[in-house]
Amino acid sequence: MQIIARAYNGYKEKFGIPRQAGCVESVLTRIVFEPLFRNPDALRGIEQWSHLWLIWAFSETPQFAADTVADESSPATSLTQPLTFTPTVRPPRLGGNKRVGVFATRSPFRPNPIGLSSVRLLKVEKTAAEGTVLWVSGADLMNGTPVYDIKPYLPYTDIHPDATAGFTTEGKDFRLQVEWGKGTKKGLPSAVVRNLDEILSQDPRPAYQDDDREYALRFDDWNVHFRVKANVLQVLGVSPQIAQ
């Protein structure tokens with residue numbers, strides 16, 4: 001398969017990325033096409049659609065790193081057989097202690113590290129340096145994620161009002177109340193505060209949670225430290241990233 005584009009946003013690490021697309025609408029993502037695919041004709045008419053499907057790679061999983069082959073002259077990649085096949089996974093929605101078949105989940109640890117997300121198309125921007133760039137919201141992709149394909153979202157066929165939600169209807173409500181400690185918002189752009197409010201409310205902690213633990217999350221150019229008590233996430237401090 002060929003990488004046609006890459007996604008760029010403030011999600012600089014896996015920790016903190018929403019577990020599903022559409023959960024955090026305030027974070028904007030730029031879809032920048034690889035040079036080979038910057039022909040504007042390939043996007044002719046795309047502004048007619050409000051939502052798009054992104055087909056992309058779980059590029060931070062071990063099997064992607066082991067099975068992807070690329071060189072500087074071509075965006076082509078080849079995905080071969082996975083190193084191992086794990087038939088079951090432990091979804092965070094079930095507390096991380098119950099196993100479910102991998103094909104009955106959206107776990108990133110799959111035989112082929114391929115993701116599928118529906119996102120909202122906000123703007124089609126023509127640039128001199130990067131060609132036509134798509135601005136979308138609601139993406140659950142890490143900064144730099146490879147994109148394999150883009151297709152329109154079709155309401156008349158992609159929406160299924162009678163669909164069932166499996167184990168996602170079980171268990172607790174994962175949304176948290178976010179409380180900012182005194183002075184923790186100082187120096188933060190309002191857009192970043194809005195982004196972090198949404199991201200942190202989704203409870204980014206792993207399935208096995210410790211109420212006494214302090215967590216650190218990196219978003220955009222900021223390090224965020226927080227702790228969770230009951231259903232309240234307390235922001236303890238925010239500091240700028242140190243350039244390396």
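Preceding this paragraph is the structure being described.
No experiment lies behind these values; they were computed from the predicted model shown.

Chemist: What should I look at first to understand the pairing of strand 6 (residues 114-127) in this one?
Modeler: Two faces belong to every sheet, and in a regular strand the side chains alternate between them. Pairing of strand 3 (residues 51-57) with strand 6, which is carried by seven bridges, proceeds in the antiparallel orientation. In the strand pairing of strand 6, Leu52 is matched with Val119.

Chemist: Looking at this structure, how should I read empty space enclosed by the protein?
Modeler: Over the atoms, a rolling probe the size of a water molecule traces out where space has been left empty. Counted under the stated rule, the structure contains two cavities of 30 Å³ or more. Volume-wise, the largest cavity comes out at about 40 Å³. Its residues placed into classes, the lining of the largest cavity shows five nonpolar, two polar and one charged. By volume, the second largest cavity amounts to about 30 Å³. Lining the second largest cavity, in full, are Tyr11, Glu13, Phe15, Gly16, Ile17, Ile199, Leu217, Arg218 and Phe219. Broken down by element, the residue count for the lining of the second largest cavity peaks at three residues, all from strand 10 (residues 215-219).

Chemist: Could you clarify how one ought to interpret the sheet that holds strand 8 (residues 145-152) in this entry?
Modeler: Each strand in a sheet pairs with another by means of backbone hydrogen bonds, the pair being arranged parallel or else antiparallel. Around the barrel, which closes on itself, the six strands sit in the order 1-2-7-6-3-8 with antiparallel pairing between neighbours. Each adjacent strand pair in this sheet contributes to an overall mean axis angle of 45°, direction not counted.

Procedures and definitions
Residues numbered from 1 in each chain as written. Predicted model: local features only at pLDDT ≥ 70, side-chain atom pairs only at ≥ 80, totals over all residues. Heavy atoms only, no water. Pairing = 2+ DSSP bridges. Helix = DSSP H or I, 4+ residues; strand = E, 2+ residues; numbered from the N terminus. 1 Å grid on protein atoms, 1.4 Å probe; cavity = no way out; pocket = protein on both sides within 12 Å on 5 of 7 lines; lining within 4 Å. Points joined across faces, edges and corners; volume = space filled by probe spheres on them. Nonpolar A, V, L, I, M, F, W, Y, C, P; charged D, E, K, R; others polar. Axes fitted to C-alpha atoms, helices over the stretch in contact; angles between N-to-C directions.

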